[in-house]
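Fold and geometry: a report
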Amino acid sequence: MDPNNRGPEEYGHDDDGGSPRQRPPRDSLTTDFGQHSPTLARTVQLVAGDFLLTVNPVDGSEIEACPPGERPGRPERYSTAERAEVDRAARPPVPPGPTRTALPLLARQDERERLVRLLARGRSVRLTGPAGSGRTSLLDLVAEDCADLAPDGVVRLTGFNRTASELLYDLFYAVFTSPLHRPDRNELLSCVREVGAVVVLDDIEFGGAALDELLDATPECAFVIGATPDVPAPSADSAIEEIFLSGLERADGLELLERSVGRVLTEEESNWAGDLWFESEGLPLRFVQAGALLRQRDRLRAGANAVDEFGVFADAAPVDSPFTPDEGEEIPLPALGEAAAPAPLLASRLSESARATLRFAVALGGEVPHQAHLPALVGDTHADAALGELADCGLVSPVGSRYRLAAGVLAQLEAAGYDDDIESRALTAAQHYGWWAGHPSVTPERVCAEADALLAALAVLVPVTTQPAEGEEAATVQLARTAAPAFAAGGHWGAWERSLRAGSEASRLAGEVSEQAYFHHELGILALCGGQLDRARAELEASIGLRGALADKRGTVAGRRALALVSDRDGTAPGLAGLGAMAGEEIPDARYDESASPPGGVPAAFPPLQPPADSQTIVVHRSPSTPAPSRKARGGLKGLAKRNLVAAGAGALLVVVLGTVVTLGATSDNDPNSPSNEVGVNPSASVGIDDGNLGADVPKNDDNPGDTGTATSRPTDPGPDGTYGTSDDPTPTDAAEPSDKPSGTQPPGSGTPSSPKPTSPKPSSPKPSTPSTPTGSGSSTPATPTPTVPSGTPSSTPTTEPSTSDSASGPASTTPVETSSSAGAPESSAVSSASNSAQVI
């Protein structure tokens, strides 16, 4: 069967067409539970000031200077319909369940009218009241009354966990349509300066100079600010009107309680409500919660008749069910202490899903998860209805576009034991939000709406983070890693920064170096976008060092690009490492480490250069196997210039040395009789038959044979030119006598050469001799050089016994010669003639 060209047998029949065609297999009836291909990472590209930012959740965000063609134009304002949609999104969602009757705002008409008058004149007002005084409800009514006062309408903002700068950006996005664009500070101030709107700002957490900055940046806006008494007051010259909210009167409190219960109070209940008014100082929230207690008491007194009649859940009867007193059962009114802190009693009479929701809210620091997340967190498909139960009892209150536990409820539930499993509940929420925020169908705007709940889970789990087991990942690190890119893409950069810092700490505690490098990189990108260059440099260098240790090539390249952009912004050169990253995109190695020096160290010709004062620190990884001396990165133009000067000086010194060597070699070749020109291919000496010694060559300067004297290893004076063996070397005039105890000699007749060690020279004739060629001794031990004076006439006295010669030429024949006691002793004529015949070729 050919795997490339399929034959007819592969289609169910043979070549002859006799067999039927094979039926195709059926599709599997079961779901394929195998591993699917991973989804692509969601990257978002946006313009942040002068930068083009690409939010990359895998390797880290990439930043570059924004090209001119990518810069957005002037942002445009929302239309009337779009502004209404934005206002609807800024309100909290309506809880599911039966429709509840909205309670009227009693005894607040004077404050309402005064606020509207001040705002109509363009004045900013601060409404101060304790938590639970009805401040938020009053601001909602004022916003409805001022809908047509300003050209840009009414803008609802929340100051909970917001700074002045974040509120300016929230105002910008509430008025202008500018998708995927985050203006810089100057452009932001230029845009919000033109905004003319009534800004309803509730739950503000700052005052003083920060509030003055917010008001000065928006001169065409009228603010109505809701705050508690513990928030810092505005500055003395801020020109903000102050309105204080106090508690309700007793009659107003009783009326509110009757409207909440839906019936007229009995005398016992009225007396009980009077005591509650005195205890709570007339706060409307306490009467709303007291009304919930009375409704629950009515249901308990009604018994099971109403439940069976309407066919609803046994633990939650309808709110609007008629009350029929049961004479046989009497339930007392709650005690005054329970009425003043009614949260535990109210929670005990709610459904199991509502109590589980309260436990999650306590674990998250008062943040109530969105109703869409409650079924997954609680484990009940109908758990979304729990939010309606909590809102009906006054246990939660709206904060911006979400809900939080009402004032005082968190402390009351903690005292009742609802905080016994905070860590486990927070871990469940973190795992759920980590999966949800990374789902491709979830938009960054939805993640930003749940920012407070996500950050609350991180705040609980980060301090108790430990190293996970092998093959697992810490839930806090995963949540921060997943949510941070969504915050960046959604424009909620305050939550982006807080999630990055929480993730950096969690990754450090969990020992996940790669994740820690990612968070440092993102913090550097965020600081660069905000103009904090020093912080950006520190974060990016830390990230580059960690990624270099992990051989993360892509992450290191992204970090070095951002670091080069930081250096370009602050006007300093990035150094040699930064220049290498700026030169091209490809990096040969994944690790940017300094080369290790040899174990003994590297000899330096110059003292080490000190880095300039403004040089940056580059964190590098050193191999632990080879100890290397500590080196400091040198950056900046000054350090680069010093290196160039050192390199140029070393090159110049090398050129001078090479020129000197070449010049000396050229000038030393002027003598035509230089020994180097007299060297031929034939041997200049022969090996003796008896002793195996090499005879020295006799210089060919005249025709008169003569004794060459004793052997010398090298001349003692190189002469004026400084080179040995040239014609200008001085000729020694003194002869030396051999030592009585020559070194390296053997007994006569052994046939091996001997080299006696000469003693001090002994003059024999004042007449200088011709220069002789320096030759080495035949002995293994070099002889001390001694000046010799050759005899003018060869000796003719024969010798009677053979002996080795002390002359430099050595025995040239096998004729016996007499041992000479001096360097100039005469030899036989045969020896002299043999020596004269050995000319230098």
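The following refers to the structure shown.

The rules behind the values
- Residues numbered from 1 in each chain as written.
- Predicted model: local features only at pLDDT ≥ 70, side-chain atom pairs only at ≥ 80, totals over all residues.
- Heavy atoms only, no water.
- Pairing = 2+ DSSP bridges.
- Helix = DSSP H or I, 4+ residues; strand = E, 2+ residues; numbered from the N terminus.
- Axes fitted to C-alpha atoms, helices over the stretch in contact; angles between N-to-C directions.
- Parallel < 35°, antiparallel > 145°, perpendicular 65-115°, else oblique.
- Left-handed = near helix turned anticlockwise from the far one by under 90°.
- Contact = heavy atoms within 4.5 Å.
- Nonpolar A, V, L, I, M, F, W, Y, C, P; charged D, E, K, R; others polar.
- Phe/Tyr/Trp six-rings, centres within 6.5 Å; stacked < 30°, edge-to-face > 60°.
- Buried < 20%, exposed > 50% of the residue type's maximum accessible area, 1.4 Å probe, protein only.
- Lys NZ or Arg CZ within 6 Å of the ring centre and 35° of its normal.
- Salt bridge = Lys/Arg side-chain N within 4 Å of Asp/Glu carboxyl O.

Our focus in this paragraph is the pairing of strand E12 (residues 396–399). Strand direction decides the pairing type here: E12 and strand E13 (residues 402–405), joined by 4 bridges, are antiparallel. When the sheet's bridge partners are listed, proline 398 is paired in E13 with tyrosine 403. Joining the antiparallel neighbours E12 and E13 is a turn of 2 residues, in which glycine 400 adopts a positive phi near 70 degrees.

In this section: the packing of helix H20 (residues 475–490) against helix H22 (residues 513–529). Orientation of H20 relative to H22, taken along the N-to-C sense of each, is 30 degrees, at an axis distance of 11 Å. In this view, H20 runs roughly parallel relative to H22, as classed from their interaxial angle. By crossing handedness, the relation of H20 to H22 is classed as left-handed. Residues Val477, Ala480, Arg481 and Pro485 of H20 touch H22, and the partners they reach there are Glu515, Tyr518 and Phe519. Of the residues belonging to the contact of H20 with H22, the class tally is 5 nonpolar, no polar and 2 charged.

To continue, consider the sheet that holds strand E3 (residues 62–65). Spatial strand order, E3-E2-E1-E8: 4 strands in an open sheet with mixed pairing. Both edges of this open sheet fall to E3 and strand E8 (181–182), since each of them pairs with a single strand only. Note: strand E1 (residues 44–48) against E8, 2 bridges, orientation parallel. When the sheet's bridge partners are listed, alanine 48 is paired in E8 with arginine 182.

A few words on the packing of aromatic side chains. As enumerated under the stated definition, the model contains 5 aromatic pairs in all. Judged by centre distance (5.3 Å) and plane angle (70 degrees), the ring pair of phenylalanine 172 and tyrosine 173 falls under edge-to-face. On the basis of relative accessibility, which here comes to 0%, the residue phenylalanine 172 falls in the buried class. Among the aromatic residues, those joined into a cluster by ring pairs are Phe172, Tyr173 and Phe176. Positioned above the aromatic ring of tyrosine 169 is the side chain of arginine 182, whose terminal nitrogen or guanidinium carbon lies 3.7 Å from the ring centre. Between arginine 359 and the ring centre of tyrosine 418, over which it is positioned, the NZ or CZ distance is 4.6 Å.

Attention now goes to the pattern of salt bridges. Across all of its chains, the model carries 32 salt bridges by this definition. Residue glutamate 241 pairs with arginine 123 through a salt bridge whose shortest N-O separation is 2.8 Å. Remark: arginine 123 occurs in the loop between helix H2 (109–120) and strand E5 (125–128) and glutamate 241 occurs in strand E11 (residues 241–244); sequence separation between them is 118 residues. We classify glutamate 241 as partly exposed; its relative accessible area is 23%. Arginine 123 gets classed as partly exposed once you look at its relative accessible area, which sits at 32%. In this structure, the salt-bridge partner of arginine 135 is aspartate 202, at a minimum N-O distance of 3.3 Å. Placement of the pair is arginine 135 in helix H3 (residues 135–145) and aspartate 202 in strand E9 (residues 198–202), with a sequence separation of 67 residues. Judged by relative accessible area, which is 8%, arginine 135 ranks as buried.

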